[in-house]
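# Examination of the molecular architecture
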Amino acid sequence: MTEFASLAQLTVVAMVPFLLASLGTMLGGLAGVFSVSQEGVMLLGASVGFLVSYGTGSSVLGILLAAGIGGVFGFALGWATTVLRLDQFVVGLALFFAATGLAGLLYRIVIGQSATTPRVDTLPRLEIPLLSDIPLLGRALFAQNLLVYLAALLAVGLWFYLYRTRSGLDLRSVGENPKAADSLGIPVARTRLWTTTAGGALMGVAGAFLPLVFTATYTDTIIGGRGWLAIALTFFGGWRPQFIVAGALFFAAMDVVALRAEVSGIDVPSQVLLVVPYVATLLVMIFAFRWAKVPQFLGRNYDRESRTA
Amino acid sequence: MSAPVLTEEPGAPATASPGIGTRLLRGVLPYVLALVLAFVVSGIVIVALGYDVVGAYRTILTTSFRTGFGFTETLTKWVPLTLLALGFTIPLAVNRFNIGGEGQLLVGATAAAGVGIVHADLPAAVLLPLVIVAGVLSGALWAGIAAFLMGRFRVNEILSTVLLNFVSFQVLDYVATEVWSDPAAGVAATQRVGAGALLPDVGGPPGVHAGILLAVLVTLVTIVVTRRTAAGFELRAAGTNPRAAGINGIRVEKVAVLALITGGALGGLAGALEVSGVHGRALEGMQSNFLLIGIIVGLIARGSALWVPVVAFGIAILEVGASSMQRTVGVPAEMVLIIEALILIFLLLSDVIAGRLARRAA
C-alpha cells in the first residue's frame, strides 16, 4: 500500500468521530437547541462502549448501548430546555460534568485497579469486493469498518431528509422561527426533543468509536477535545451535512498529519505538531463564523406565551 | 443568545417587592432541595455499588475538619477554585462563557515558573511580585487571544477558550521538557523556582500559603467592583439587556472583551499562586480538575461574586473528602464530580419548581 493510500485510509477513519458528533450537534441545533456537552457525552459513550464490549465481547452491543446512554443525555438536554426552559448552555455544561464523572466512575467500578490495561477487539474491516481494489482511494473508501459506511450513509440520509422532504423543512423551521412553526401546527417541543435525543445518541457512538476502532483501550483523556472540535466543525460546516462532511475531512486530516509528522521524525518539537489541529481550528473559525448560516433561534428557548420572542 | 443567563423566571410577578416568605422560598429552598436530592441520589448509587454510604459521606464531610492538615488542604484548594470560578463568572455577567480557565492557569503557571527560574537569585521582595505579575499578565494575554477573536471576528468564545486549553497543555509540556526541564521529577515538570519566588505560609502549623490572602483580597475587590462601581454596573447592564445598554452608550462588545481578559487574568493568578505557594514549579497535571469544578462553583453561585467564595469552600470540602473517601471506603473519587453535577442539576430544577410555587402564591 502506498503512503498516500494508507494516509487516506487513516483520514477516513479519523473523520468518523468528528462527523458523527458534528451531525449530532447539527441535528439538535437545526431545531434550535445548542448542546455543549459533546466532550462529556462522547467520553461516556467511549466508556460505556468499551466496557460493554469488554464484558460481553460484542462491540455491536457496546455501540448500541453507547448510543442509548448518549440518547438519554440528549433527551435530558431537550427536556430541560423545552419543558423546563432552562438555559441551554448551563444545562449543557451540567450534563457535560455529569457525563464526565459518570464515564470515569463506570470504568473505575468495572475495571478497578488493574495491573494490565484491559483491551477489546477493534471493529473488523469489511472489504467491499472489486471496489476496494481501486487504486489510491479504493481501500480508503471501501475497506473500512461498518461504522464508517454507516456514518457516510447517515450524512447523505440527513441531507436528503433535511433539504428534500417536508418533514425536514418543518424541522429546520423550528430552529429558524419556532413561533411561525408553532402557528403552523409543527410540534416545537417534540421536534426539539427527538433531535436532541438522536443527536446525543450520535455523540455517544462517536465516543465509542475511539476505543472500539482506534485504541482498543479506554483512558479519561481519550476524547482529547474532539467534542469541542465537533462544535467548531458544525459552525465550519455552516450547519449543513454536506459541508460538515467536507469539514470533517479537514479536521481528520489535521489529526492524521499531526500524528504522522511526529512518527516520521520531522525535526519539529512534537508539541508544535500536537497543537496543529487546535490552532488550525482557531484560524479556520475566523472565516467560519463569517459565512456560517446559523439557525436564527439557535441557543434560545421557545416560550409560546412570551410576547418578545 | 442574548437573553440573560442567570436571572429569575421572566414570568415572575414584577409588582411590589416579594414578601420575606417568598424571598426565602426562592432563595434558600432551591439550595436545600438541591443538596438533599444530590446526596440522596448519590447515596442510592453508592449503596447500589455495595459501598458503605454512611462511612463515605462521613469521610467526605469531615475530612476537612478532623485534622489541621485536612483544613489546610481545603483552604489550599479554595484558592484556585475561587479564582477560576470568578474568572468564569465575570465574563458570564455579560453572557460570555469562559471555559478556558485551565489554559489560563497553565500558561500563567508556566510564565510564573519561567520568571522564578530565570531570576532565581533575586530577593523575594522583587521576585515574588514579578512572578505573580507574570502569571496574571500571561493569563490575561491567553484569554486575550480568545477575546480578540470574539471582538474582532465574532468567533464563539466557548470554542476559542476551550481550544486554547489544549494548546496550553503543549506550551507547558514544551517548557517542562525542552526549556527548563527537570528530568528527575518523574512527570513533565520544570525546575524549581528560586527561593525568593516562594510564598511563605501563614497560620499553622500546618500553614496555608500566603497566596490565600491575595485571593481573599481579589475576591473582595471583585465583589465591590461588580456591585458598587460604574464599571460593575456597565458589566451587569451589558449582560441583562445588551440593547438597552448599547442605546445608553455602553459599548457591549468592549465590555465583553474586557470581562473575558479579566477572567483570564484571574486564571493566570491562580496559576502563579499554585507555582509559588504549592508546587514550587510548573508541572503537568497541576491544573487538576479545577476548571470543571470552578465552573460548577460559578454556576451554583449563580454568577454572584458574593457567593462564589462560599460555594467554593463547600466544594473544596467535598473535593478534599473525595480523595480520602477513595482511600478509606473505596468509593472512586469520581463520585464527587457526580455529586457536584447533581447539586447543580437539582438546583436548576428546583429553581423551576420554586418559581412555579412563588407564582402560584402570588
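Residues numbered from 1 in each chain as written. Chains lettered and ligands numbered in written order. Predicted model: local features only at pLDDT ≥ 70, side-chain atom pairs only at ≥ 80, totals over all residues. Heavy atoms only, no water.

The name recorded for chain B in an unreviewed UniProt entry is Nucleoside ABC transporter membrane protein, from Geodermatophilus obscurus.

Looking at an unreviewed UniProt entry, chain A carries the name Nucleoside ABC transporter membrane protein, with the source organism given as Geodermatophilus obscurus.

Another aspect to go through is the interface of chain A and chain B. In this assembly, 46 residues from chain A lie in contact with 42 residues from chain B. If you look at where chain A meets chain B, you find 1 salt bridge. Notably, a salt bridge pairs Arg-108 of chain A with Glu-334 of chain B, separated by 2.7 Å at the nearest N-O pair. At the surface where chain A touches chain B, the tally comes to 3 residue pairs in polar contact (both at pLDDT 80 or more). Put simply, the parts of the chain that give the side of chain A that touches chain B at least two residues each are α4 (88-111), α10 (226-236), α12 (270-274) and α13 (276-291) of chain A. Ranked by residues supplied to the side of chain A that touches chain B, first place goes to α4 of chain A with 16 residues. (Contact = heavy atoms within 4.5 Å. Salt bridge = Lys/Arg side-chain N within 4 Å of Asp/Glu carboxyl O. Polar contact = N/O pair within 3.5 Å; in protein donor to acceptor, adjacent residues only side chain to side chain. Helix = DSSP H or I, 4+ residues; strand = E, 2+ residues; numbered from the N terminus.)

Residue and element names in this part refer to chain B. Two elements in contact, helix α2 (residues 29-48) and helix α14 (residues 334-361), have axes separated by 7 Å at closest approach and are oriented at 140 degrees. Classified by the angle their axes make, α2 and α14 are oblique. By crossing handedness, the relation of α2 to α14 is classed as right-handed. Listed contacts from α14 to Pro-30, Tyr-31, Leu-33, Ala-34, Leu-35, Leu-37, Ala-38, Phe-39, Val-41, Ser-42, Val-45 and Ile-46 of α2 are Met-335, Ile-339, Leu-342, Ile-343, Phe-346, Leu-347, Ser-350, Asp-351 and Ala-354. Among the residues making up the contact of α2 with α14, the classes are represented as 18 nonpolar, 2 polar and 1 charged. (Axes fitted to C-alpha atoms, helices over the stretch in contact; angles between N-to-C directions. Parallel < 35°, antiparallel > 145°, perpendicular 65-115°, else oblique. Left-handed = near helix turned anticlockwise from the far one by under 90°. Nonpolar A, V, L, I, M, F, W, Y, C, P; charged D, E, K, R; others polar.)

All names here are of chain A. Applying the stated rule across the entire model yields 23 aromatic pairs over all chains. When the centroid spacing of 5.4 Å and the interplanar angle of 90 degrees are considered together, the rings of Phe-96 and Trp-228 count as edge-to-face. Taken together, the residues Phe-96 in helix α4 and Trp-228 in helix α10 connect sequence positions 132 residues apart. Across the pair, Trp-228 and Phe-96 agree in class, each one buried. (Phe/Tyr/Trp six-rings, centres within 6.5 Å; stacked < 30°, edge-to-face > 60°. Buried < 20%, exposed > 50% of the residue type's maximum accessible area, 1.4 Å probe, protein only.)

Taken as a whole and judged by the stated rule, the model has 9 salt bridges over all chains. Asp-170 of chain A is paired through a salt bridge with Arg-166 of chain A; the nearest N and O atoms lie 3.3 Å apart. Taken together, the residues span about one helical turn, with Asp-170 of chain A and Arg-166 of chain A both in helix α7 (residues 166-176) at a distance of 4 residues. By relative accessible area, Arg-166 of chain A is classed as exposed at 61%. Linked by salt bridges that have partners in common, Arg-108 and Asp-220 of chain A together with Glu-334 of chain B make up one network.

Let us now look at the nonpolar core. Leu-93, Phe-97 and Trp-228 of chain A together with Leu-83 and Ile-99 of chain B are the most contacted members of the largest nonpolar core, which totals 208 residues. Mapping this core onto the domain boundaries places at least three of its residues in each of domain 1 (16-51 + 331-362) and domain 2 (71-320) of chain B. Setting aside its immediate chain neighbours within four residues, Leu-93 of chain A contacts Val-36 of chain A together with Phe-88, Phe-97, Ile-99, Ile-295 and Leu-299 of chain B. (Core = buried A, V, L, I, M, F, W, Y, C linked by side-chain atoms within 4.5 Å. Domains from an automatic or database assignment.)

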